[in-house]
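Remarks on the overall topology
In case you want the letters, here they are:
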Amino acid sequence: MELKFERVSKNYKDKKVLKDISVTMGTGVYGLLGPNGAGKTTMIKMMADVLRPDSGQILYDGRNIRSIGDEYRAKVGYLPQEISFYSNFTGRDYLEYSAALKGMEKSYTKKRIEELAYHVGLQNDLKRQCRAYSGGMQRRLGIAQALLDNPEILILDEPTAGLDPLERVKFRNIISAYSNDRLVLLSTHIVSDIEHIASKIMMMEYGVIRYVNTREEYIKMAKNCVWIVKMSAEKLVKYQNNAVISNVIAKEGVMEVRVIDDEKPFANAVQTAPTLEDAYLYIFNYLPEKARR
Ligand SMILES: Nc1ncnc2c1ncn2[C@@H]1O[C@H](COP(=O)(O)OP(=O)(O)OP(=O)(O)O)[C@@H](O)[C@H]1O
Ligand SMILES: [Mg+2]
């Protein structure tokens, strides 16, 4: 299976939100990273066929998804960034309703809801009104909804927002198990959510996909640019406004500061191996804009 964006653009009034995006995806997990307003949700909505490109096209195995229509949408599971629930729906009502919209058969629906509720840890909450769920529970219900009909293409817009650490790990495992011969695209701000499950990671900003690379390739980009520097808390408060800092650990009153810089920032700085998070900060906050193209 191949899903291809071909020179896809989108404007809101005169604002160019997506600029000539071209990317080809196959099976596997794709991570979509980028700062607020980069265009991730806009791209995702187009892939889910809930928003049309102004120009360009999206091809599923060579056919424009707009001309495939319902048959394409039936292959897609989609978790929007903002989910809304009918006021008095219980968790089960919501999933049954979603399954009916997808045209799923009743006995299969019942079995699938039990299975998925268990996977996302909501098996004891399906009778409760979902508006009374916590934010993380609503997100997990949304994830179950997206997975209902075993979609060939699973598109998740910030699926881990609001999930606690344990649920994040469970989510990653669900996605890893699911992605065999399917396409999963997920956007997130939490680099560690995709670091070890995404085979390809897209970095997007200002409506452009800057890179489609593996984790290892990004880490290579930030090679020799990550340093550990020890300093006092007072010094750090002044220093941090003019530096890109990826992490700070306080150890017995001394701050161990992780700094992104392509030159040794202090005489006592010690170079260290980059993580994907360091590479993200390097690309979006350090690398000059010109060099990102
Ligand atoms: N319906 C709309 N009308 C006007 N502008 C919009 C609309 N939807 C999105 N935009 C603009 O398009 C740009 C991209 O938005 P988008 O939601 O795709 O970004 P994002 O990468 O998903 O951001 P976030 O990380 O905050 O979710 C932003 O500048 C946003 O203000
Ligand atoms: Mg978004």
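Note that the coordinates shown come from a computational prediction; the quantities given were computed from them, not determined experimentally.

It is worth spelling out helix H6 (residues 135–147) at this point. Compared with the 18 Å implied by 1.5 Å per residue over 13 residues, the 19 Å span of H6 between its first and last C-alpha is a close match. Most of H6 is tucked away, with 12 of its 13 residues classed as buried. Of all the positions in H6, only Gly-136, Met-137, Gln-138, Arg-139, Arg-140, Leu-141, Gly-142, Ile-143, Ala-144, Gln-145, Ala-146 and Leu-147 are classed as buried. Residues of H6 that are buried sit in contact with strand E6 (76–79), helix H4 (91–101), helix H5 (106–119), strand E7 (153–157) and helix H7 (165–178).

Buried within H4 are the following residues: Gly-91, Tyr-94, Leu-95, Ser-98 and Ala-99. Within H4, the buried residues cover an arc of 130 degrees as seen down the axis, which keeps them to one side. Away from its buried face by more than 90 degrees, H4 exposes Ala-100 and Leu-101. Here the buried face of H4 lies against H5 and H6. Once H4 finishes, Gly-103 follows within two positions and takes phi at roughly 75 degrees, a positive value.

The interhelical angle for the contact between H4 and H5, taken along N-to-C directions, is 135 degrees, at an axis separation of 10 Å. One element, H4, and the other, H5, form an angle in the oblique class. As H4 runs across H5, the sense of the crossing is right-handed. Only Thr-109, Ile-113 and Glu-114 of H5 make contact with H4, whose side of the interface consists of Arg-92, Leu-95, Glu-96 and Ala-99.

Another point: the site of ligand 1. What surrounds ligand 1 is a group of 14 residues, the closest being Gly-37, Lys-40, Thr-41, Thr-42 and His-189. A distance of 3.4 Å separates an oxygen atom of ligand 1 from a polar atom in the side chain of Lys-15. Interatomic distance of 2.9 Å between a backbone N/O atom of Gly-39 and an oxygen atom of ligand 1. Those elements giving two or more residues to the shell around ligand 1 turn out to be strand E2 (15–25) and helix H1 (40–47). Of all the elements, H1 adds the most residues to the shell around ligand 1, at 3 residues. A class-by-class count of the residues in the shell around ligand 1 yields 4 nonpolar, 7 polar and 3 charged.

Below, the discussion takes up the pattern of salt bridges. Applying the stated rule across the entire model yields 18 salt bridges. Salt-bridge contacts for Asp-49 lead to Arg-66; the nearest nitrogen and oxygen are separated by 2.8 Å. Placement of Asp-49 in the loop between H1 and strand E4 (55–60) and of Arg-66 in helix H2 (residues 65–68) is noted, with a sequence separation of 17 residues between them. Taking the relative accessible area as the measure of exposure, Asp-49 reaches 7% and is therefore buried. Taking relative accessible area as the criterion, Arg-66 reaches 34% and is therefore assigned partly exposed.

Now for the packing of aromatic side chains. Under the defined criterion, the tally for this structure stands at 9 aromatic pairs. Each residue in the set Tyr-86, Phe-89 and Tyr-97 is aromatic and connected to the rest through ring pairs, giving one cluster. Across from the ring centre of Tyr-178, 4.1 Å away, lies the NZ or CZ of Arg-182, which sits over that ring.

Turning our eyes to something else, we now look at the sheet that holds strand E13 (residues 254–260). In spatial order, the strands read E12-E13-E11-E14; together these 4 strands make up an open sheet with antiparallel pairing. Two strands lie at the open edges of the sheet, namely strand E12 (244–251) and strand E14 (270–271), each paired on one side alone. Summarising the sheet, strand E11 (residues 226–231) and E14 pair through 2 bridges and their orientation is antiparallel. Pairing of Ile-228 across the sheet is with Val-270, part of E14. Those strands touched by helix H11 (residues 276–286) are E11, E12 and E13, and its axis lies near 135 degrees from that of E12.

Time to look at the coordination of the magnesium ion (ligand 2). Around the magnesium ion (ligand 2), the protein contributes the donor atoms Thr-41 (OG1) and Gln-81 (OE1), which lie 1.9 to 2.1 Å from the metal centre. Of this pair, Thr-41 sits in helix H1 while Gln-81 sits in the loop between E6 and H4, and the two are 40 residues apart along the sequence. Residue classification places Gln-81 among the partly exposed positions, given a relative accessible area of 27%.

What counts and what doesn't
- Residues numbered from 1 in each chain as written.
- Chains lettered and ligands numbered in written order.
- Predicted model: local features only at pLDDT ≥ 70, side-chain atom pairs only at ≥ 80, totals over all residues.
- Heavy atoms only, no water.
- Helix = DSSP H or I, 4+ residues; strand = E, 2+ residues; numbered from the N terminus.
- Expected span 1.5 Å × (residues − 1).
- Buried < 20%, exposed > 50% of the residue type's maximum accessible area, 1.4 Å probe, protein only.
- Contact = heavy atoms within 4.5 Å.
- Arc of directions from axis to C-beta.
- Axes fitted to C-alpha atoms, helices over the stretch in contact; angles between N-to-C directions.
- Parallel < 35°, antiparallel > 145°, perpendicular 65-115°, else oblique.
- Left-handed = near helix turned anticlockwise from the far one by under 90°.
- Near = heavy atom within 4 Å.
- Polar contact = N/O pair within 3.5 Å; in protein donor to acceptor, adjacent residues only side chain to side chain.
- Nonpolar A, V, L, I, M, F, W, Y, C, P; charged D, E, K, R; others polar.
- Salt bridge = Lys/Arg side-chain N within 4 Å of Asp/Glu carboxyl O.
- Phe/Tyr/Trp six-rings, centres within 6.5 Å; stacked < 30°, edge-to-face > 60°.
- Lys NZ or Arg CZ within 6 Å of the ring centre and 35° of its normal.
- Pairing = 2+ DSSP bridges.
- Donors = N, O, S within 2.8 Å, 3.2 Å for Na, K, Ca; no water.

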